[in-house]
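The chain contents come next:
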Amino acid sequence: MSQRTDKAVELFKSGFNCSQSVFAAYADLFGMDEKTALTVSAGLGGGVGRSREVCGAICGAAMLTGLKYGATDPADAESKKHCYEVVQQIIAEFKKTNPTIICRELLGLSETNNTDPVPEARTEQYYKKRPCAEIVEDSAKAVEKILFNKEIL
């Protein structure tokens, strides 16, 4: 793993959510301090607000793509298209090791599972039953490969 991929996993294991972990591991490359990065990405964990929809690690990767390629002119259709293409490339890379980008499916939860906004305690048992650290790693590796053209083994 790269240092930044390692950092993303370390952030997750220290208690930050999946989105925060991926986003904050790279945000400084775009002039954003870690505190701001952690703050702006905080609501996207747990599949966006713990709703178990789009994986927060993918949301963090998409936000990084926006920092690199996001359009600042609403009429700039070409820039919008390019940004979306890059996000789709990151998703395709992520899906090489994961079947989906939907949080509940990655976690093996049914749609009727509780989406209580209270996060689970980060215990040793939590890390044993949840693949989230590996998902964060996979998302960070996709960011490295697609956004920064680095192959991470």
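Rules used throughout
Residues numbered from 1 in each chain as written. Predicted model: local features only at pLDDT ≥ 70, side-chain atom pairs only at ≥ 80, totals over all residues. Heavy atoms only, no water. Helix = DSSP H or I, 4+ residues; strand = E, 2+ residues; numbered from the N terminus. Rg over C-alpha atoms; globule rule 2.2 N^0.38 Å. Buried < 20%, exposed > 50% of the residue type's maximum accessible area, 1.4 Å probe, protein only. Contact = heavy atoms within 4.5 Å. Core = buried A, V, L, I, M, F, W, Y, C linked by side-chain atoms within 4.5 Å. Axes fitted to C-alpha atoms, helices over the stretch in contact; angles between N-to-C directions. Parallel < 35°, antiparallel > 145°, perpendicular 65-115°, else oblique. Left-handed = near helix turned anticlockwise from the far one by under 90°. Salt bridge = Lys/Arg side-chain N within 4 Å of Asp/Glu carboxyl O.

Draft legend 1. Representation of the overall build of the chain within the structure. Helices and strands together make up the secondary structure of the chain, namely eight helices and zero strands. The order of helices and strands in the chain, counted from the N terminus, is α-α-α-α-α-α-α-α. Compactness check: the chain gives a C-alpha radius of gyration of 15 Å against a globular reference of 15 Å for 153 residues, within 12% of the reference. Each of the three principal axes of the chain carries a C-alpha extent, and together these read 45 × 35 × 30 Å. Residues counted as buried form 44% of the 153 residues belonging to the chain. A fraction of 65% describes how many contacts in the chain between residues 6 or more apart in sequence connect residues 24 or more apart.

Draft legend 2. Region of interest: unusual backbone geometry. Phi at V48 is positive, roughly 70°, even though this residue is not glycine. By the element assignment, V48 lies in the loop between α3 (34-41) and α4 (56-69). Even without a glycine there, the phi angle at R52 is positive, about 65°. Examined against the element boundaries, R52 turns out to sit in the loop between α3 and α4. A residue is classified by how much of its surface remains accessible, and R52, at 9% relative accessible area, is buried.

Draft legend 3. Summary view of the nonpolar core. Counting residues in each nonpolar core, the largest one holds 37 residues, and the members touching the most others are V22, A57, L64, I90, V136 and V143. Elements that contribute at least two residues to this core include exactly α1 (3-13), α2 (18-26), α3, α4, α5 (77-94), α6 (103-106) and α8 (132-148). A per-element tally of this core places α8 first, with nine residues. Apart from the residues within four sequence positions on either side, V22 is in contact with A8, A57, G60, A61, L64, V136, S139 and V143.

Draft legend 4. Looking closely at the environment of A140. Structurally, A140 is set in helix α8. Here the alpha-carbon distance between A140 and F94, two residues 46 residues apart in the chain, equals 9.0 Å. Not counting the four nearest positions on each side in its chain, A140 is found in contact with T5, A8 and Y26.

Draft legend 5. Structural detail: the packing of α2 against α4. Here α2 crosses α4 at 30°, and the two axes come no closer than 6 Å. By the angle between their axes, α2 is roughly parallel relative to α4. Both α2 and α4 take part in a crossing whose hand is right-handed. Contacts between α2 and α4 involve C18, S19, V22, F23 and Y26 from the former and G56, A57, C59, G60, A61, M63, L64 and L67 from the latter.

Draft legend 6. Focus on the pattern of salt bridges. Evaluation of the coordinates by the stated rule reveals 11 salt bridges. Note that E34 is salt-bridged to K7, the shortest N-O span being 3.3 Å. Taken together, the residues E34 in helix α3 and K7 in helix α1 connect sequence positions 27 residues apart. Residue K7 is classed as partly exposed on the basis of its relative accessible area, which comes to 28%. The residue R130 makes a salt bridge to E120 at a minimum N-O spacing of 2.4 Å. Pair noted here: R130 is in the loop between α7 (124-129) and α8 and E120 is in the loop between α6 and α7, with a separation of 10 residues, a long-range link. For R130, a relative accessible area of 12% puts it in the buried group. Relative accessible area serves as the criterion here: at 26%, E120 is assigned to the partly exposed category. Salt bridges sharing common partners tie together R50, E120, K129 and R130.

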